[in-house]
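Secondary and tertiary structure notes
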Amino acid sequence: PDLLSVPGASIVGCGAGFVNVPKIKGTHTAIKSAIVAADAYVNGTDYTQNLAESWVFDELRAVRNYKPAFELGGLLGGVAYSGLS
């Protein structure tokens, strides 16, 4: 999460990879990341820190190894991993 913002710019939404792969959903995380970026801009706070404290990181942390399980373990490995999580 350290590379989500630089002075004068922030990466938000799908460009930052905020997609919940198992649910094939990302609109709600994209909107929330934009809201957090706007709040950080208005209030003069750190976007990355605010985003890490939001529910977006909690949701994405839970599914962060979903896609690599399919890439490394193939179909059977991915199905086994998704069934266990």
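Owing to the predicted nature of the structure, the values given are computational and were not obtained by experimental measurement. (Residues numbered from 1 in each chain as written. Predicted model: local features only at pLDDT ≥ 70, side-chain atom pairs only at ≥ 80, totals over all residues. Heavy atoms only, no water.)

Here we look at the nonpolar core
Rules: Here, nonpolar core means buried Ala, Val, Leu, Ile, Met, Phe, Trp, Tyr and Cys residues that are tied together by side-chain atoms lying within 4.5 Å of each other. For the exposure calls, accessible area comes from a 1.4 Å probe over protein chains only, and a residue counts as buried if that area is under 20% of its type's maximum, exposed if over 50%, partly exposed in between. A run of DSSP states H or I qualifies as a helix once it reaches four residues; a run of E qualifies as a strand once it reaches two. Both are numbered from the N-terminal end. It only takes one pair of heavy atoms within 4.5 Å for two residues to be counted as in contact.
Core analysis: the largest hydrophobic core is formed by nine residues, namely Leu4, Phe18, Val36, Ala37, Ala40, Tyr47, Leu51, Val56 and Leu60. Looking at this core, the elements with two or more residues in it are α1 (27–43), α2 (47–52) and α3 (55–62). Of all the elements, α1 adds the most residues to this core, at three residues. Residues within four places of Tyr47 in sequence aside, it is in contact with Leu4, Ser5, Ser10, Ile11, Val12, Phe18, Ser33, Val36, Ala37 and Ala40.

Observations regarding the confidence of the model for the protein chain
Counted only if it meets this: A residue's pLDDT is the confidence the predictor assigns to it, expressed on a 0 to 100 scale.
On average, residues of the protein chain carry a pLDDT of 77, and 69% of them reach 70 or more. No element of the protein chain has a lower mean pLDDT than helix α4 (residues 66–84), at 64, and none a higher one than α1, at 88.

Observations regarding the environment of Thr45
Here is the rule: Nitrogen and oxygen atoms within 3.5 Å of one another constitute a polar contact, given that in protein one can donate a hydrogen and the other can accept it, and given that sequence-neighbouring residues count only through two side-chain atoms.
Secondary-structure assignment places Thr45 in the loop between α1 and α2. Note on Thr45: relative accessible area 40%, which makes it partly exposed. Not counting the four nearest positions on each side in its chain, Thr45 is found in contact with Asp39, Ala40 and Asn50. Among the polar contacts listed, one links the side chain of Thr45 to the side chain of Asn50, at a separation of 2.7 Å.

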